[in-house]
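Now for the letters of each chain:
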Amino acid sequence: MSLGNTVLALCCMLYLLSGGRWSIVIAAGTLSLMYSKNKQSSQVISKSISEDKAVDKESSKPSPIYAVDFTSTSFTPESTTNIPENKSRSVKPISSIRSRGRRSPKIIKANKPITNNSEPALTRSTVNLLDSQIYIFYTTLTGSSQRVAKALYEKLENLPNLINKPKLLSLDDDVDDLEEYFLKTPESEKNKSIYLLVLPSYETDSPIDYFLEHLKETYQDFRVDKYPMRSLLGFAVLGLGDSESWAGDKFCYQAKLADRWMGKLGGRRLYPVGEVCMKYDGEPKTNTWIQNFASLLADDEPFYLDANDEIDDSDYENDDDDEDSNTLVDVEDMGDIIKKQGTKGLSSQTEVKQMVAKDSPTYKSLTKQGYTIVGSHSGVKICRWTKSALRGRGSCYKFAFYGIKSHLCMETTPSLACSNKCVFCWRHGTNPVAKSNWRWELDPPEKVMEGALQGHYQKIKQMRGVPGIQMDRFDEAFKVKHCALSLVGEPIFYPYINEFVGMLHEQQISSFLVCNAQHPDQLAKLNRVTQLYVSIDAPTKTDLKKVDRPLNSDFWDRLMSCLDILRTTQSHQRTVFRLTLVKGFNMNDISSYADMVIRAQPSQIEIKGATFCGSSNSNGNPLTMQNIPFYEECKQFVISLSEDLKSRGYDYEIAAEHAHSCCILMAHKRFYRNGKWHTHIDYPRFFELLESGEEFNDVDYIKETPEWAVWGSEEAGFNPVDTKFDRKAEKMKNRLEREEKAKRVLEQQKVH
Ligand SMILES: Cc1cc2nc3c(=O)[nH]c(=O)nc-3n(C[C@H](O)[C@H](O)[C@H](O)COP(=O)(O)O)c2cc1C
Ligand code: SF4
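Sequence order as written defines residue numbering, which begins from 1 separately in each chain. Whichever chain is written first becomes A and whichever ligand is written first becomes 1, with later ones labelled in order. Only residues with pLDDT of 70 or above have their local features reported here, since the model is predicted, and side-chain atom pairs are shown and tallied only from 80 upward, although totals for entire chains, interfaces and linings are computed over all residues.

- If you check an unreviewed UniProt entry, the chain appears there as S-adenosyl-L-methionine-dependent tRNA 4-demethylwyosine synthase from Debaryomyces hansenii.
- UniProt positions are given in the numbering used here, feature names are shortened, and annotations may be inferred rather than shown by experiment. UniProt lists a comment for the chain under the heading Sequence similarities (unreviewed entry), and it reads "Belongs to the TYW1 family."
- For the record of the chain, the UniProt heading Catalytic activity (unreviewed entry) holds the text "N(1)-methylguanosine(37) in tRNA(Phe) + pyruvate + S-adenosyl-L-methionine = 4-demethylwyosine(37) in tRNA(Phe) + 5'-deoxyadenosine + L-methionine + CO2 + H2O".

### Examining the overall build of the chain
Move 1: Think of it this way: any DSSP run of H or I at least four residues long counts as a helix, any run of E at least two long counts as a strand, and we number them from the N terminus. Scanning the chain for helices and strands turns up 25 helices and 26 strands.
Move 2: Of all 752 residues assigned to the chain, the portion counted as buried reaches 41%. Comment: burial labels come from other C-beta atoms within 10 Å of the residue's own C-beta, placed from the backbone, where a count of 20 or more is buried, 12 or fewer is exposed, and between is partly exposed.

### Some thoughts on the confidence of the model for the chain
Move 1: For every residue, the predictor assigns a confidence score, pLDDT, that lies between 0 and 100. Looking at the chain, the pLDDT average stands at 78 and 71% of residues meet or exceed 70.
Move 2: Two residues form a contact once the distance between their C-beta atoms, set from the backbone, is within 7 Å. pLDDT under 50 marks residues 1-122. Its contacts with residues more than four places away, or in other chains, come to 143 contacts.
Move 3: Low pLDDT, under 50, characterises residues 615-619; the stretch is placed with eight contacts to residues that sit more than four places away or in other chains.

### Brief notes about the nonpolar core
Move 1: One finds I136, L196, V198 and A258 to be the most contacted residues of the largest nonpolar core, which totals 166 residues.
Move 2: Each domain's extent is set by a domain assignment, obtained either automatically or from a database. Each of domain 1 (124-304) and domain 2 (365-709) contributes no fewer than three residues to this core.
Move 3: Those residues in contact with I136, other than ones at most four positions away along the chain, are A149, L152, Y153, P166, K167, L168, L196 and V198. Take the buried Ala, Val, Leu, Ile, Met, Phe, Trp, Tyr and Cys residues, join any whose C-beta atoms are within 7 Å, and the set you get is a nonpolar core.

### Let's talk about the pairing of strand β10 (residues 274-277)
Move 1: The pairing of strand β9 (residues 234-241) with β10 spans four bridges and is classified as parallel. Directly across from L240, in β10, lies its bridge partner V276.
Move 2: Handedness of the crossover joining β9 and β10 through helix α6 (residues 253-264): right-handed. A pair of strands is treated as paired once DSSP finds two or more bridges between them. Crossovers are described as right-handed under a simple rule: with the strands pointing away from the observer, the path leading from the first strand over the helix to the second runs clockwise.

### Digging into the site of ligand 2
Move 1: The C-beta atom of each residue is placed using the backbone, and any residue whose C-beta lies within 6 Å of a molecule or strand is treated as near it. Not every one of the nine residues close to ligand 2 is listed here, only the nearest: C418, N420, C422, C425 and N516.
Move 2: Residue polarity follows a fixed list, in which Ala, Val, Leu, Ile, Met, Phe, Trp, Tyr, Cys and Pro are nonpolar, Asp, Glu, Lys and Arg are charged, and the others, Gly among them, are polar. Its residues assigned to classes, the shell around ligand 2 comprises four nonpolar, three polar and two charged.

### With respect to the sheet that holds strand β17 (residues 510-515)
Move 1: Within the open sheet, the 10 strands sit side by side as β13-β14-β15-β16-β17-β18-β19-β20-β22-β21. Their pairing is mixed. With one partner strand each, in any of the chains shown, β13 (372-374) and β21 (652-658) form the two edges of the open sheet. Each strand axis lies, on average, 25° off the axis of its neighbour in the sheet, ignoring direction.
Move 2: Inspection of the sheet shows strand β19 (residues 575-581) paired to strand β20 (residues 604-609) by six bridges, in the parallel sense. The partner of T580 across the bridge, within β20, is K608. The axes used here are C-alpha line fits, helices contributing only the stretch in contact, and every angle between their N-to-C directions lies in the interval 0 to 180 degrees.

### Details of the environment of E506
Move 1: Relative to the elements of secondary structure, E506 occurs in helix α16 (residues 497-506).
Move 2: Judged by C-beta crowding, with 12 C-beta atoms within 10 Å, E506 ranks as exposed.
Move 3: Once the C-alpha coordinates of E506 and L690 are considered, the two residues, 184 residues apart in sequence, prove to be 10.0 Å apart.

### As for the sheet that holds β10
Move 1: The strand order β7-β6-β8-β9-β10 describes an open sheet built from five strands, whose pairing is parallel. This sheet does not close on itself; its edge strands, each paired only once, are β7 (167-170) and β10. Each strand of the sheet is rotated relative to its neighbour by a mean of 15°, with strand direction disregarded.
Move 2: Pairing geometry for strand β8 (residues 193-200) and β9, over seven bridges, is parallel. Counterpart to P200 in the pairing with β9 is L240.
Move 3: Docked against the sheet, helix α7 (residues 282-299) engages β9 and β10, running at close to 160° with respect to β10.

### Some remarks on the site of ligand 1
Move 1: Around ligand 1, a shell composed of 23 residues is seen, among which T140, S145, P200, G241 and W246 lie nearest.
Move 2: Looking at the shell around ligand 1, the elements that each hand over two or more residues are α3 (144-157) and β9.

### A look at the packing of helix α19 (residues 555-567) against helix α20 (residues 590-600)
Move 1: Their axes nearest at 7 Å, the elements α19 and α20 cross at an angle of 45°. Classified by the interaxial angle, the pair formed by α19 and α20 is oblique. Mapping the contact onto sequence places L563, L566 and R567 in α19 and M596, R599 and A600 in α20.
Move 2: The residue makeup of the contact of α19 with α20, split by class, is four nonpolar, no polar and two charged. Put simply, angles under 35 degrees are roughly parallel, angles over 145 are roughly antiparallel, angles from 65 to 115 are roughly perpendicular, and the rest are oblique.

### Notes on α20
Move 1: Buried residues of α20: Y593, A594, M596, V597 and A600, and no others. Projected onto a plane normal to the axis of α20, the buried residues spread over an arc of 160° and lie on a single side.
Move 2: For α20, the elements touching its buried residues are α19, β19, β20, α22 (631-647) and β21.
Move 3: At the exit of α20 stands Q601, carrying a positive phi of roughly 45°. What the arc describes is the spread of directions from the helix axis to the C-beta atoms.

### Description of the environment of K461
Move 1: Inspection of the secondary structure assignment puts K461 in helix α14 (residues 445-461).
Move 2: Its 12 C-beta neighbours within 10 Å are what place K461 among the exposed residues.
Move 3: In this structure the C-alpha to C-alpha distance between K461 and D475, which are 14 residues apart in sequence, comes to 9.9 Å.

### Looking at α6
Move 1: In this scheme, a helix's expected span is set at 1.5 Å multiplied by one less than its residue total. Given a rise of 1.5 Å per residue, 12 residues ought to cover 16 Å, and the 16 Å separating the end C-alpha atoms of α6 matches this to within 8%.
Move 2: Burial analysis of α6 places 12 of its 12 residues in the buried class, which makes it a mostly covered element.
Move 3: Of the residues making up α6, those classed as buried are Y253, Q254, A255, K256, L257, A258, D259, R260, W261, M262, G263 and K264.
Move 4: Of the residues trailing α6, G266 is marked for its positive phi of about 100°.

Take a look at the structure:
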């Protein structure tokens, strides 16, 4: 029976078993299971944001059909689906399933690939291994896997008869989308590619967890080919670990898992997984593995290719599995099945880890940068502006634009993990990542709040000996008034973000929350904050992929959903677009930025030139100083954006600037009252409105912008009280004045 016939037969069987209540709809990449149930007991299982109107064909009226759109990126459940627990039920043999009268929602799992079930045999591969295209993938936290991967690359590169030069790719920095290689495989080299993976193991959370999760999800995702690695010529994994500290099962456990998942995904294992203790055996042993693998490629001896081997791997499957892969499975059994699949022999992968454990390289790296790690997933840091303000010098642009004194502001994040790997973020390589699911231990909001304040105050205390600290500001700093939920990571990812923000407000601390526009569901559910930012890092899909390197393949749809949410569900908030300009990455195509403004209609737009945060070599960050725009270039950008919007009838104008931070603020004209800009915030009024329980919007708690911060003012955002202390600011101010004078002279010369 062909695959198509098999699916058809299963559909018919499903239909009959369900008493005619089930239908399966496959359309434009959306697979929906539809189940029409007794009207009285109708409960909406879920709903796609597009509100696919399922219409009962017979009556032509909307029918009580529940569409489960598994591709939706912006699905917000109206109620939680309760999958009844049935612990006694395990996956039954197909015969017993067929004889059962009552059926509930079904899921069709993918069939095994059609194999000839032949005995394993000595097989010569159809392609000469030396004709293959070899990809060497690695991931590293402390550098040894990168070194070993390079040694492997150099060895293979110099093999005399290898036709194609191998490709060396870091999974963290060179592979933006894992699906490109580990769901699809390189099309032009179909059946010719060999994947070699050099992987360390980390008991603590690391990007390897994310990679393994991707392999596992691919295997469990019934929408996609379950065996995509079949189209490779083969694969092999070289694992690095430490057998002294992580003996037994834990030794090289993630390399072993990767080897298993690659096999389960249909890949042919060309060589046994290497398990090297870097403490005792080190590079001599990795070199032996490399040498042996190179010999295998060169002598082209036939080797065992057992098509059934990886799938029926008895170490990892028990007998039930043979049955379940070809049977219909109750939805209520799915939880058990997934749990079972997730833990079988792969138990260490599913254990819940801490996001940033104390002994992890990420912890070391963050603390070295001055972060205090709060609990296991939050962080707090005082920025240089807080120090500057404590010394009676300037505050950051937030003082110029919104009236926030830097020494009263705490910068924190309740989630150091994020779903992007932005080029201007220094963290990739060691940063905890996840697409959209929280997969770590979770700290309660009280603990995050207490820890963040404690960490912040401790850092302030440490400033007491610094020359120039002003006593009154030092005292004031022990009563935080503002909280910037930005720093690094993605605050909205934290499942208790609303509770956390509520706690801030209870203590009369204002909340500025910055999110990366990748989590529409969480954004839609966010409660009131003082100012809600969405980062807009590029104007087009291609550019966004280049700049943010998002983990979610539907990143653009997610961003678009977030824009719609700002205009609709969250339109009562004071919303701000944050643009970080990176030369050569995202400064063209101004009219596409204008399109986005029109789509979201934010209250204000904050445009900031990127700042340089380290060399490209140390952290995989590809930015150099050439990518950092001058203030003049940022000004030109903003002027063009404002002209574009005005030409289309949208009332946004340039309101304020802070030249020192290379930062400019545009605002909707409703913030211009009585001939003056009102971009500042009346914080006591905000809390008054919040406590009143009344509805209010972005212009109900505004305050006048000071003259020195207004766009085009002589001070260009330098507070005259502070600038006299700030030599750098003073220098910048003088430079701007000189530039301005030179411009005037040139203009006069033109006139004459
Ligand atoms: C926090 C931490 C956790 C580790 N966990 C394991 C482990 O579970 N199993 C293991 O075999 N090795 C473990 N190791 C050892 C590393 O895998 C080993 O040092 C490896 O060479 C590091 O590779 P890298 O330099 O490419 O990051 C751990 C090391 C650290 C620092
Ligand atoms: S969204 Fe923020 S934390 Fe995440 S990668 Fe980008 S800059 Fe870094």
